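# Coordinates in review
Residues per chain are reported as follows:
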Amino acid sequence: MDKRKYSSDLKETHARLVQWKYMAIGLLVSNILLSIFVITKDYSEKTIVIPSEYGVRAETSEGFWVKGNEASPSYIEAMAREFAIRSLTFHPKNVRAQFGHVVLHAHPSVYSDLKAKYEVDADRVEKGQLSSSFHIMRIQVQGMNAVISGVLESKVGKHTLENKVAHFELSFVYEGKIYLNDFRQIQTDRREEDEVSKNETH
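The following paragraphs examine the structure supplied in this document. (Residues numbered from 1 in each chain as written. Predicted model: local features only at pLDDT ≥ 70, side-chain atom pairs only at ≥ 80, totals over all residues. Heavy atoms only, no water.)

As paired elements, strand 6 (residues 159–174) and strand 7 (residues 178–186) share eight bridges and run antiparallel to each other. Bridging across to strand 7, Ser171 finds its partner in Asp182. In textbook terms, the turn of a hairpin is the stretch between consecutive antiparallel strands, and for strand 6 and strand 7 this stretch comprises three residues, one of which, Gly176, has a positive phi near 85°. (Pairing = 2+ DSSP bridges. Helix = DSSP H or I, 4+ residues; strand = E, 2+ residues; numbered from the N terminus.)

With that settled, consider the packing of aromatic side chains. Applying the stated criterion to the full structure yields five aromatic pairs. Aromatic pair Phe134 and Phe168: ring centres 5.6 Å apart, planes at 90°, arrangement edge-to-face. Here Phe134, found in strand 4 (residues 130–142), pairs with Phe168, found in strand 6; they are 34 residues apart in sequence, far enough to count as distant. Grouping aromatic residues by their ring pairs yields a cluster made of Phe90, Phe99 and Tyr118. In this structure, Lys117 is placed above the aromatic ring of Tyr118, and the distance from its NZ or CZ to the ring centre is 5.1 Å. (Phe/Tyr/Trp six-rings, centres within 6.5 Å; stacked < 30°, edge-to-face > 60°. Lys NZ or Arg CZ within 6 Å of the ring centre and 35° of its normal.)

Here we come to the side chain of Gln98. Note that Gln98 resides in helix 3 (residues 95–104). Its relative accessible area of 13% is what places Gln98 among the buried residues. (Buried < 20%, exposed > 50% of the residue type's maximum accessible area, 1.4 Å probe, protein only.)

For the rest of this paragraph, the subject is the environment of Ser72. Note that Ser72 resides in the loop between strand 3 (70–71) and helix 2 (73–88). Residue classification places Ser72 among the buried residues on the basis of a relative accessible area of 2%. Distance in space between the C-alpha atoms of Ser72 and Gly143 is 8.4 Å, their sequence separation being 71 residues. The contacts of Ser72, once residues within four sequence positions are left out, are Phe64 and Trp65. (Contact = heavy atoms within 4.5 Å.)

See below:
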């Protein structure tokens, strides 16, 4: 009798040990998964902004978002459009206001160089009575960069000097606000220029 009871108690104890073993393994696995989640979780907040200082409005009532040092593609597109128009559409009477607006939002690391460049360009525009207009065709956004394409028309007085498809690349950084970090013309696609020229003649 005692032997059977002892054997039964031994089996029950073994079963409980096995049960506790599996519970311990389950808790260990859950703790490991929780640790991985905590380590890899992105705690940076996504902030919705509706920029008014640039004279642009959000395309939706939700506005644009910024998260850490990144911004939504719609935000970058709006800024690229704003700065491209300011830099490429002007005449002698408004050129300093146009260029000055762009310089105002240049990143501190490039502010001096960009200001000097725009001042030289503004002097040339005023002395030569030059004007320019840029008609946007396409904006492609990748991260904090945008490539903007359009028809660039340059004039002296009423005489057209040049009318061509041009492409520009703009890069931005977000440090509490959007800063322009670079703005340069890039190589154009000859086939696209020919296509636009063909359409303009019809």
